[in-house]
Structures are given as structure tokens and as C-alpha cells.
Amino acid sequence: MPLPEFLAELDALAQQAVAAFEAAGDAEALEAARVQFLGAKSGQLKAVQKGLGKIGKADKPAAGKQFNETKKRIEAAQAAAVERLARGAGPSEETTGFDPTVPGIRPRLGRLHPITQTIEELKDIMGRLGFSVAEGPEVEDQWHNFEALNIPAAHPARDPLDNFYLATAEKTAAVPSRKAWLLRSQTSTVQIRVMEQTSPPVRIISLGRVYRPDTADATHYPMFHQIEGLLVDHHVTMADLKSVLRLFARSFFEDDVHIRFRPSFFPFTEPSVEVDMSWQGGWIEIAGAGMVDPDVLRAVGYDPEQVTGFAFGVGIERICMGRHGIDDIREFYKNDVRFLRQF
Amino acid sequence: MIVSWNWLKQYVPLTMPVEELQRRLMMAGLNHEGTEEVGGDLAIDLEVTSNRPDCLGHLGIAREVSVLWGSTLTIPPAQPPEGKTPVDELVKVRVDCPDLCYRYTARVIRGVKIGPSPSWMVRRLDTLGITAVNNVVDISNYVLMECGQPLHTFDFARLGGREIIVRRPQPGEAIEAIDHKTYPLGPDTCVIADARDPVAIGGVMGGAQTEISEKTTDVLIEAADFDPISIRNTARTLNLHSDSSYRFERRVDTENLDWASRRCCELILELAGGELAAGVVDVGSSAARREPIVLRLAQLKRVLGIEVPPQRVREILVALGNEEIRQDRETIEVRPPSWRRDLGREIDLVEEVARIHGYDEIPEDVGVPMVPSARRREDRVVEKARQVLTAVGFDEAVTSSMVEERMAGVFSPWTDAAPLRSLTAALRGADRLRTSLVPSLLMARRANEALANVEIELFEIARVYLPRKKLPDEQPMLCLTSGRDYLAVRGVIEGVVASLCPAVRLEATDGGLELLDPAQSCKLLLDGELLGYVGRLTDAGLGQFELRAPATVAEVKLSLLFRAAQLVPRHVPQPPYPALTRDLNLVVDEAIRFADVAATVQANCGKFFEDLAYIDTYRDPQRLGPGKKSLLLSITLRSKDGTMTNQQADELRDQIVAACGAQHGAELR
């Protein structure tokens with residue numbers, strides 16, 4: 001290509017480009033001009049540059065110099081346009097049509113059920129106190145739900161009307177047999193299963209769903225959740241029980257609370273106590289507890305002369321209701337998303 | 001158990017304020033439920049645990065008070081004057097069912113005058129909420145509430161054959177009770193009969209025929225001990241719960257029958273007159289003598305964690321009615337009283353000492369040794385899954401494990417077996433143990449639709465109960481229900497899986513599940529094993545659950561994820577060179593599946609493969625031809641050895657297109 005032709009092409013390009021940048025009225029037009037003239041892949045300047053290779057050797061320095069000047073000119077025009085637009089985009093013009101009170105676009109975040117949140121917190125606290133989580137079946141045999149827990153055949157707690165016995169295949173009668181399975185009525189069944197399979201020391205919490213055929217009302221539901229702690233070892237005493245429960249309560253309620261025991265009765269612990277915690281000048285009940293009954297230790301093959309243990313149980317719904325101010329247990333199981341999304 | 005303050009005072013000094021009495025009784029095991037003032041008296045409601053039937057009378061409570069305050073307990077001697085006629089000349093008693101009635105005693109008083117009770121007795125019964133009837137009936141109630149032993153009085157003249165037979169009912173037998181309702185008598189009911197007919201449902205309710213009336217002159221006084229299970233079943237079956245049945249269910253003190261009978265007679269003679277026949281008819285066995293219990297004093301420290309002085313231990317046990325047999329420096333041996341069946345073992349005595357000595361003595365700040373605890377794999381997997389699900393907008397639901405039969409049958413992809421059935425329904429006929437969470441979540445969805453809640457994005461993590469010979473297979477499941485479409489929900493499951501085990505092969509095959517749209521559902525396989533399914537409900541599926549808006553469900557077996565999860569990912573160094581992307585628009589026959597094309601694409605990328613994304617499927621018979629579709633994919637390529645050039649990427653693309661052409665008949669569009 002002859003030099004004059006190349007220089008003319010450069011000149012024309014420069015004029016066109018400068019005009020385009022000067023004319024650009026907004027960011028979009030500016031960008032279009034940039035791509036058209038300065039685009040790295042298919043900008044016109046790039047295209048012209050290819051022509052540079054076809055210039056004769058003698059003319060090359062002049063052509064190169066002119067090309068560089070043209071490039072500078074176009075880039076300067078672009079810079080000027082950028083500055084002009086930036087200046088022009090002063091507050092008065094840009095805020096027109098802008099409303100800072102319009103909310104952000106929020107992703108929909110899901111919530112965990114309050115029962116889960118309570119369970120996770122209890123697990124976390126008890127984990128820090130050295131208790132590992134254990135789980136077991138919800139459908140149980142009568143050995144684990146009753147006999148091993150010191151609840152003999154004639155005990156009222158085994159009444160068919162107070163338990164969810166399962167129908168057996170061969171028998172459709174309304175009266176459950178001794179072999180009939182049932183939905184566990186407490187998570188202590190898990191303690192039995194763990195002790196049957198593990199030698200002392202044992203330091204676990206068992207938790208999960210439990211079932212009792214209560215008529216649903218504000219404080220009862222035929223299904224609820226329990227968490228039970230069990231510690232069996234040499235030299236475990238009620239003082240340990242009280243101290244662990246206090247550590248637990250102080251962690252969960254974030255206050256320097258005190259623990260009080262009141263005598264009570266559970267078949268699987270002896271002595272048995274209700275556990276109160278000092279709260280706002282009074283006492284509130286937080287758990288049932290006691291020392292594992294020697295007969296229970298014997299039932300799982302432990303020697304009560306060698307080891308002692310304590311156990312405690314907390315109703316999760318109750319603790320969760322108190323914590324969040326929920327006044328009807330049935331709310332937990334309606335799964336109304338308006339309820340769930342509060343937690 | 002409601003206790004009258006004035007009445008209690010008769011047996012033990014009450015020098016303390018009532019609040020103090022309530023507090024200390026509570027701390028000794030009698031929970032205070034409330035106190036009401038009734039006509040100048042106080043009705044104190046105490047909760048008595050089922051192991052302490054001895055506290056179901058004023059004397060039992062008075063004994064606790066006397067132990068706590070170290071005061072004297074005064075028990076009326078109950079020594080009524082007897083006439084000359086021996087009672088066994090007047091009445092015969094036979095017990096045909098000693099398994100239902102352990103002991104039966106009868107006394108007879110002739111010549112009573114039925115009338116109103118004196119005001120002091122009326123007032124005391126009134127404090128307890130018992131309405132006075134007449135002097136004889138009131139006295140039996142009074143003695144019941146005094147010592148906890150239920151009594152029954154019969155109009156002796158109306159007892160056929162002057163005979164009491166304690167027996168099982170004959171088939172079809174019924175009785176008209178004092179409430180004038182007729183009750184059928186089941187085979188294991190303990191019936192009190194005269195020579196001909198039932199006259200009372202033993203331990204539960206008297207009969208109308210022999211009820212004490214104004215015309216009654218002769219009275220038979222029954223004090224008996226019935227089998228608690230039989231009483232409980234009868235009371236429940238007939239829905240006849242009374243103060244009597246409540247006490248028999250918890251066992252009465254067999255050794256106290258005679259005292260209660262004498263006490264009743266003493267009061268009848270005093271308030272209604274008459275003459276008491278000499279002696280008592282006493283059929284059945286008295287309780288076996290209680291075995292002694294040895295308490296090793298060291299056990300107190302071992303169990304309670306505190307020392308209790310031996311002298312204090314002795315005081316407590318003796319005051320509670322235990323007979324001291326022997327004490328040395330290390331042990332104390334006692335024989336428990338007849339009214340404390342709950343005391344039979346050393347540990348029972350430890351509890352007695354503890355509750356009287358006071359649980360407040362036990363410290364709450366001893367150092368419990370630290371031990372490590374590890375979180376279970378299952379818990380960590382579930383936590384991760386929950387994090388992902390909440391992050392993508394799902395709320396967690398908790399639904400009942402039991403569903404109605406109809407719902408249980410609608411959807412059961414994990415088993416063909418009939419669900420386990422409970423003999424009792426939990427709620428509204430829900431008696432089947434669910435084999436899938438889907439029906440429960442769809443019902444929750446319907447409940448939300450009924451409230452016009454718009455975004456119903458729910459998940460639940462819970463077990464299903466798959467029947468087998470042994471205890472059921474309780475499989476933890478993750479279930480979702482969503483208003484999003486099939487691919488979006490499937491993507492959520494893929495996201496959960498990818499966050500837990502990115503390296504494990506996740507494949508999909510045709511769904512083929514009832515209620516799910518075959519063109520918008522699939523089964524997911526994790527490393528070749530069935531992980532679960534995802535799908536859009538068909539109109540019929542929506543109809544089953546009365547849902548209005550489209551819904552997609554997914555259910556995944558968590559045990560596979562528990563196994564496959566890589567909870568501690570390993571770091572893989574990333575090459576420091578930029579990636580290149582290439583889009584591929586491949587026209588293939590409808591029968592060709594994305595997964596096969598994707599496998600070819602990946603195989604041909606070789607070591608440059610970084611990612612393959614599915615963008616869309618495009619169908620247009622006119623442009624693509626009938627039976628054709630266009631798969632749009634995007635591949636990301638990167639070299640580990642240096643910056644990849646466009647030329648390399650283009651060559652690779654051409655190679656991929658050629659391979660897809662050869663293997664799948666694909667053409668670049």
C-alpha cells in the first residue's frame with residue numbers, strides 16, 4: 001500500500017472517531033464508539049494497523065509514527081468523552097428517578113424449625129460438657145421401653161390406652177400382646193440400647209421423637225421431642241447431676257442460675273427428682289432426673305456395686321415454648337410458613 | 001389429694017404458717033398444687049406420686065409432717081365396743097377369686113339410725129369437695145380420707161341370704177349401681193354378690209339394691225384389698241373413676257384393713273348408734289412380713305455425694321415407720337412398714353434419707369471431669385444439608401410420624417408392604433406409620449394454601465418406617481415440597497449432594513412413580529444405588545391432596561449420603577492459568593440423552609476439561625427437522641500447563657463435535 005493512501009485512511013479514521021466520541025451522549029453510546037474504533041478484536045484502528053504491515057520498508061517509520069499519533073488522538077477523544085459524561089452525570093441529573101427507600105432484592109432464606117434450633121443448641125451445650133449424641137429406634141419392643149427400665153408388666157404406664165402399641169400381623173385384637181411393639185414413650189430406650197452395647201463409662205444424650213396418646217391441646221400433643229442425658233461411671237453422684245444441670249442451665253439460659261431438686265418418682269431412677277431452676281425471683285421446672293436405678297444397671301449387665309449413674313430428661317417443646325413465647329404446642333406441627341419464618 | 005388444715009391438725013401439731021407447710025412438704029415429695037379457703041378451713045391440694053399411696057389419706061400426710069418437724073403423730077386407737085352376737089353367726093363371706101380380691105373383711109352393726117352427719121364432719125368433707133349424704137355413708141368417706149382405705153357399707157337387711165360372695169360375674173350379668181345406671185360386667189371384674197345377684201362392683205362402686213337409705217337399720221362394713229390391675233381395667237372400661245378405685249389401683253395397706261374397719265364402726269356407733277357384732281369376718285391372706293433391708297451408710301455418700309450423720313439416718317428411717325433391727329458403725333438394718341410397699345431395697349432407703357434430709361444439702365458446683373465428645377457423622381451430614389436448604393429458601397417443617405390410612409397408601413415408593421398400624425390413632429384417625437414423608441409435606445402444603453400463603457417451600461428430615469420381620473427399618477429421609485419446577489427442585493437436591501460428596505457419581509433415570517408427571521420426574525442414583533426421586537405432581541396427584549397450585553416433590557434417602565459424604569474435603573491445587581469457554585449447540589435425535597452426549601463431550605475434552613454446563617434444549621421441527629432437538633451446552637476448558645490458546649480450544653471443540661457426530665449423530669447447529 002502506498003504511504004499517502006495509508007495516511008489518508010488514518011486521517012479519515014481519526015476524524016470519524018473524534019466525531020463519534022464527541023457525539024456520545026451516554027455511557028452506552030460511548031461504549032459503542034469505543035468498541036467500533038478501539039475494540040481489541042475488531043476495532044477499526046486494529047484493522048488499519050494490519051495495513052501497516054503492507055507498507056514498504058522505506059515508508060514504515062513515517063507510517064508508524066502517524067499511526068501512533070492517530071491512536072493517541074482517538075484515545076484522547078475517548079478520554080475527553082468519558083470525563084464529559086462523568087461531569088455531566090452530576091448529582092442533580094443522576095438522582096432524578098432514584099429512590100433510596102426502594103428495598104434491596106433479598107434472597108429468600110429458609111428457616112430451621114424452632115424445635116430443631118432448640119435441639120441443636122441443647123446438643124451443642126451438652127457436647128461441650130462431654131456428652132455425645134446417641135439415637136435409637138422409635139418403634140421399640142417392650143423390653144427396651146418398659147422391662148429394662150424397671151416398668152414391670154402390671155405397671156399402669158404400660159396401659160394400652162397410654163401407649164401406641166402396634167398391631168401385629170397375626171393378631172388384629174385390640175389388646176396388645178407382650179410381644180407387641182410400640183412407639184417409644186420416652187428416649188430412655190436409647191440409654192438401654194447404648195448401655196447394652198457399651199461398657200462404662202457412658203456419657204451420652206439421646207434425643208428424638210416420642211409418642212403418647214394424649215389428646216392434642218395447648219400443652220399436649222401425641223408426638224413430642226425429648227432429650228435425655230446419661231452419665232454412668234465409677235463415683236458418679238447426685239452432686240455431679242446437680243452440677244452438670246447447673247452448667248447446662250447457665251449455658252442455655254445465659255444466666256447464673258441455681259438448681260433445686262424436689263423429690264419425685266420415675267421407675268428407672270432412684271432417687272428421682274424434679275429439677276427446678278431459679279428464674280426471675282422464683283423457680284421454674286426444667287427437667288426430671290435421678291440416679292439410674294440399680295435394677296436398670298443390672299438389666300443392661302452393669303454391676304451397680306461398681307458403677308453409679310445419673311440420668312435426666314428435658315421436654316424440648318416445653319423449653320422451646322418458654323424460650324420463644326409460644327403458648328400452644330400445636331403451632332409446632334401446623335407448619336404454617338408464617339409461623340416457621342419467625343425463627 | 002386435698003388436705004384439710006383443720007383436719008390434719010387432729011393428728012399432728014401445725015404450729016407453722018401454711019406456706020411453710022406447703023414448701024417443706026413440696027421439698028419432701030408432695031408437690032403443692034394450690035390452696036383454697038373453704039368456710040374457715042384451708043383446702044391444700046397436694047400432688048401424690050403413684051409410688052406413695054400411703055399419702056392418699058390425712059394420716060399419711062400427717063406422718064410426713066411429723067417426720068419433717070420431729071413432732072408426735074397421734075393415731076386414733078379405733079377400739080369400738082362390741083356386742084355379744086358373734087359376727088360370723090350373722091354373715092358368711094366367701095372369696096371365689098383370690099386373684100382379684102386378696103383380703104375381705106366384714107363387720108356388722110345392727111340398729112343404726114340413719115340421719116344427717118354432725119356439722120364438723122360435713123364441714124371437713126366439704127373442704128375436700130365431698131358432699132355429705134347421710135351419717136353412715138359420710139363416715140365411710142371420712143375414714144377413706146382419713147387413712148386412705150376405701151370402705152363400703154351395705155344395707156345388711158337387703159343382702160340376699162345374708163351372704164357375701166366375692167366372685168367373677170356370670171356371663172351377661174349386669175348391675176344397677178348407686179348412680180342408677182346399669183353396667184355390664186366384664187369377665188375379669190371383681191363382683192361383690194349376695195346369694196343371688198351382684199350387689200357391688202368391688203372397689204369401684206356400690207349397687208343400688210343394697211344402698212344405705214333412710215330405712216336402713218343394719219349395716220355391713222366392708223374393708224377389702226382388691227387387685228389393682230383388675231380395678232384399673234374395670235374403672236377404665238366402665239368409665240367409673242372414684243376415690244376408691246384410685247386408691248385400690250395404687251394398692252392399699254392390707255395390714256390397715258382392720259384398723260379402718262374398726263375406725264368406721266367406732267364412728268358409726270358414735271354418730272348413728274346401734275350395736276356392733278363381736279369380731280370380724282376376715283377372709284384371705286394378710287400380707288407377708290416385710291423383709292429387712294440393710295443400708296450401708298457408705299452408700300449415701302456414694303450415691304448422694306454428701307455425708308449424712310448416722311444418727312440422722314437412723315432418726316429419719318425410724319420416724320418414717322421403719323422398724324430398726326440393728327445398727328452398727330457401717331450399716332443400719334430396718335424392716336419397712338406395711339404402708340410403704342415402695343421401700344424394698346437399699347437404694348429406696350437412700351432416697352428416703354435424701355428427701356427428708358433435704359436435697360438442698362447437695363452441692364451444685366462440684367467439678368465434673370472433662371471428656372471429649374465427637375459429633376456424629378449423621379449429625380454433620382444433616383447439618384450441612386440443612387445449611388444448603390435454608391440457603392436456597394426452604395423452611396423446615398416437622399410433621400407427625402403417623403398418617404391416615406388413605407394418605408399412607410397414596411404414595412409409598414420405598415416399600416410395597418402395608419404400613420405398620422398402631423392400635424390407637426394419634427390424630428384424626430392417623431394410625432399408620434408413614435413409609436414416605438411426601439404425603440405429610442403435601443398436607444402441610446395444603447394447610448398453607450388454605451391460608452393463602454404464597455411461597456410454600458418446605459423440607460423435612462425425619463424417619464420413615466419400612467416394615468420387615470424385625471423391628472422396622474427406620475430410614476431417615478430428606479423430603480422437599482416446592483412451587484418451583486422440576487429442574488429447579490432437582491437442582492436443589494443436586495446441590496445438597498454436591499455439597500456433601502462432589503466426587504460421587506449422581507445419575508438420573510426415568511421416574512415412573514405414580515402421581516408424578518413422567519415427563520417431569522426422575523429417579524436419582526448415587527453411585528448406582530437408588531438415592532431418591534424428584535418430580536412434578538400430576539393433576540391427579542394435586543387432586544389427591546386438594547392442592548390448587550403446581551407442586552414439585554423430592555425425597556432422598558439420607559443413609560446413602562451418610563455413607564458417601566466427604567466431610568473433610570481435600571484441597572486440589574488450581575492451575576494459575578485462565579480458562580476458555582466454548583458453547584456447543586448440538587442437534588440430535590429426540591432419543592439421544594443429554595447424559596450420553598455430556599459423557600462424550602467430557603471424554604473428548606481430556607485433561608483440559610474443567611466444567612460442563614447444560615444451558616437449554618431447543619425444539620423447532622421447521623428449522624431442526626421433526627424428531628430433532630438442539631442441546632445447548634457450555635464447556636469450560638483449562639490447561640494445567642499454561643494459558644490455553646483460542647486455537648487449542650477451537651481444535652478441541654471441533655474434535656468434540658466430530659465425536660458427538662460419530663457417536664450420537666449430532667450436528668453443530
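Just so it is clear, the structure is predicted and the values come from calculations on it, not from any experiment. (Residues numbered from 1 in each chain as written. Chains lettered and ligands numbered in written order. Predicted model: local features only at pLDDT ≥ 70, side-chain atom pairs only at ≥ 80, totals over all residues.)

Q: Give a description of the overall build of chain B that names residues and reports values.
A: Secondary structure assignment for chain B yields 21 helices and 31 strands. In terms of its C-alpha atoms, chain B occupies a principal-axis envelope of roughly 125 × 65 × 45 Å. Burial analysis of chain B (669 residues in total) assigns 43% to the buried set. For chain B, long-range pairs separated by at least 24 residues make up 70% of all intrachain contacts whose partners lie at least 6 apart in sequence. (Helix = DSSP H or I, 4+ residues; strand = E, 2+ residues; numbered from the N terminus. Buried ≥ 20, exposed ≤ 12 C-beta atoms within 10 Å, placed from the backbone. Contact = placed C-beta atoms within 7 Å.)

Q: For helix α1 (residues 3–23) of chain A, give the residues involved together with the corresponding values.
A: All names here are of chain A. Taking 1.5 Å of rise per residue, 21 residues should cover 30 Å, and α1 covers 30 Å from first to last C-alpha, within 8% of that figure. Regarding α1, the residues found buried are Phe 6, Leu 10, Leu 13, Ala 14, Ala 17, Ala 20 and Phe 21. Projected down its long axis, α1 carries its buried residues within an arc of 135°, all on one side. Exposed residues pointing more than 90 degrees away from the buried face of α1 are listed as Pro 4, Glu 5, Ala 8, Ala 12, Ala 19, Glu 22 and Ala 23. (Expected span 1.5 Å × (residues − 1). Arc of directions from axis to C-beta.)

Q: Kindly report on the sheet that holds strand β1 (residues 2–4) of chain B, identifying the contributing residues and their values.
A: Residues and elements named next belong to chain B. One open sheet holds the three strands; their spatial order is β1-β3-β2, and the pairing between them is antiparallel. Edge positions in the open sheet fall to β1 and β2 (31–38), since each of these has one partner strand only. On average, adjacent strands in this sheet sit at an angle of 25° to one another, irrespective of strand direction. Across three bridges, β1 lies against strand β3 (residues 41–47) in antiparallel orientation. Residue pairing for β3: Ile 2 is matched across the bridge by Asp 45. Its contacts with the sheet place helix α5 (residues 119–127) against β1, β2 and β3, and it is angled at close to 40° to β3. (Pairing = 2+ DSSP bridges. Axes fitted to C-alpha atoms, helices over the stretch in contact; angles between N-to-C directions.)

Q: Provide a residue-level description of the interface of chain A and chain B, including the pertinent values.
A: Between chain A and chain B, the contact holds 66 residues from the first and 70 residues from the second. For the side of chain A that touches chain B, the class distribution of residues is 38 nonpolar, 12 polar and 16 charged. (Nonpolar A, V, L, I, M, F, W, Y, C, P; charged D, E, K, R; others polar.)

Q: Let's hear about the packing of α1(A) against helix α2 (residues 27–38) of chain A: which residues, and what values?
A: Residues and elements named next belong to chain A. Interhelical geometry of α1 versus α2 gives an angle of 165° and a closest axis separation of 9 Å. The pairing of α1 with α2 is recorded here as roughly antiparallel in orientation. Judged by the twist between their axes, the crossing of α1 over α2 is left-handed. Residue-level contacts link Ala 17, Ala 20 and Phe 21 of α1 to Ala 33, Gln 36 and Phe 37 of α2. Partitioned by chemical class, the residues of the contact of α1 with α2 number five nonpolar, one polar and no charged. (Parallel < 35°, antiparallel > 145°, perpendicular 65-115°, else oblique. Left-handed = near helix turned anticlockwise from the far one by under 90°.)

Q: Any details on the domain arrangement of chain A? Residues and values, ideally.
A: Interfaces are often sized by the accessible area lost when the parts come together. Under the domain assignment, chain A is made up of domain 1 (3–94) and domain 2 (114–340). Here the C-alpha centre of domain 2 of chain A lies 80 Å away from the C-alpha centre of domain 1 of chain A. (Domains from an automatic or database assignment.)

Q: Describe the nonpolar core, and please don't skip the residues or the numbers.
A: Soluble, globular proteins show a tendency: their nonpolar side chains are buried together. Counting residues in each nonpolar core, the largest one holds 234 residues, and the members touching the most others are Leu245(A), Phe310(A), Val219(B) and Ile268(B). Excluding anything up to four places from it in sequence, Val219(B) contacts Ile109(B), Val112(B), Val136(B), Thr153(B), Phe154(B), Phe156(B), Ile212(B) and Ile268(B). (Core = buried A, V, L, I, M, F, W, Y, C linked by C-beta atoms within 7 Å.)

Q: If you had to explain unusual backbone geometry to someone new, which residues and values would you point to?
A: Backbone geometry follows two general trends: most residues other than glycine have a negative phi, and most peptide bonds adopt the trans configuration. All names here are of chain A. In this chain, Pro 200 is followed by Pro 201 through a cis amide linkage whose omega measures 0°. Note that Pro 201 resides in the loop between α8 (188–197) and β5 (202–211). Cis rather than trans, the peptide bond between Glu 270 and Pro 271 has omega equal to -10°. Checked against the element boundaries, Pro 271 lands in strand β8 (residues 269–279). The phi torsion at Gln 280 lies on the positive side, around 50°, for a residue other than glycine. Mapped onto the fold, Gln 280 is located in the loop between β8 and β9 (282–292). Judged by C-beta crowding, with 7 C-beta atoms within 10 Å, Gln 280 ranks as exposed. One non-glycine residue, Asn 335, lies in positive phi territory at about 60°. Checked against the element boundaries, Asn 335 lands in the loop between α12 (331–334) and α13 (337–340). By the C-beta count within 10 Å, which is 24 here, Asn 335 ends up buried.

Q: Please provide a residue-by-residue account of the environment of Lys301(B), values included.
A: All names here are of chain B. Within the fold, Lys 301 resides in helix α10 (residues 297–304). Classification of Lys 301 as partly exposed rests on a count of 13 C-beta atoms within 10 Å. Residues within four places of Lys 301 in sequence aside, it is in contact with Ile 306 and Glu 307.

Q: Before we move on, could you go through helix α15 (residues 438–450) of chain B and cite the residues and values that matter?
A: Three or four residues apart is the spacing at which side chains of an α-helix point the same way, because the helix has 3.6 residues per turn. Given a rise of 1.5 Å per residue, 13 residues ought to cover 18 Å, and the 18 Å separating the end C-alpha atoms of α15(B) matches this to within 8%. Within α15(B), the full set of buried residues consists of Val438(B), Pro439(B), Ser440(B), Leu441(B), Leu442(B), Met443(B), Ala444(B), Arg445(B) and Asn448(B). Check the buried side of α15(B) and you find it contacts α13 of chain A together with β20 (402–403), α14 (405–410), β22 (458–466), β23 (473–482) and β27 (552–557) of chain B.

Q: Talk me through the sheet that holds strand β2 (residues 139–140) of chain A; I want residue IDs and the actual numbers.
A: Residues and elements named next belong to chain A. In space, the three strands of this open sheet follow the order β2-β4-β3, with antiparallel pairing throughout. This sheet does not close on itself; its edge strands, each paired only once, are β2 and β3 (164–165). Here β2 runs beside strand β4 (residues 182–183); their pairing, made up of two bridges, is antiparallel. When the bridges of β4 are listed, Val 139 appears paired with Leu 183.

Q: Kindly report on the packing of helix α13 (residues 377–391) of chain B against helix α16 (residues 486–500) of chain B, identifying the contributing residues and their values.
A: All names here are of chain B. Where α13 meets α16, the closest approach of the two axes is 9 Å, and the angle between their N-to-C directions is 135°. Classified by the angle between their axes, α13 and α16 sit oblique to one another. Between α13 and α16 the crossing geometry is right-handed. Across the interface between the two elements, Val 381, Lys 384, Ala 385, Val 388 and Leu 389 from α13 touch Gly 495, Val 496, Ser 499 and Leu 500 from α16.

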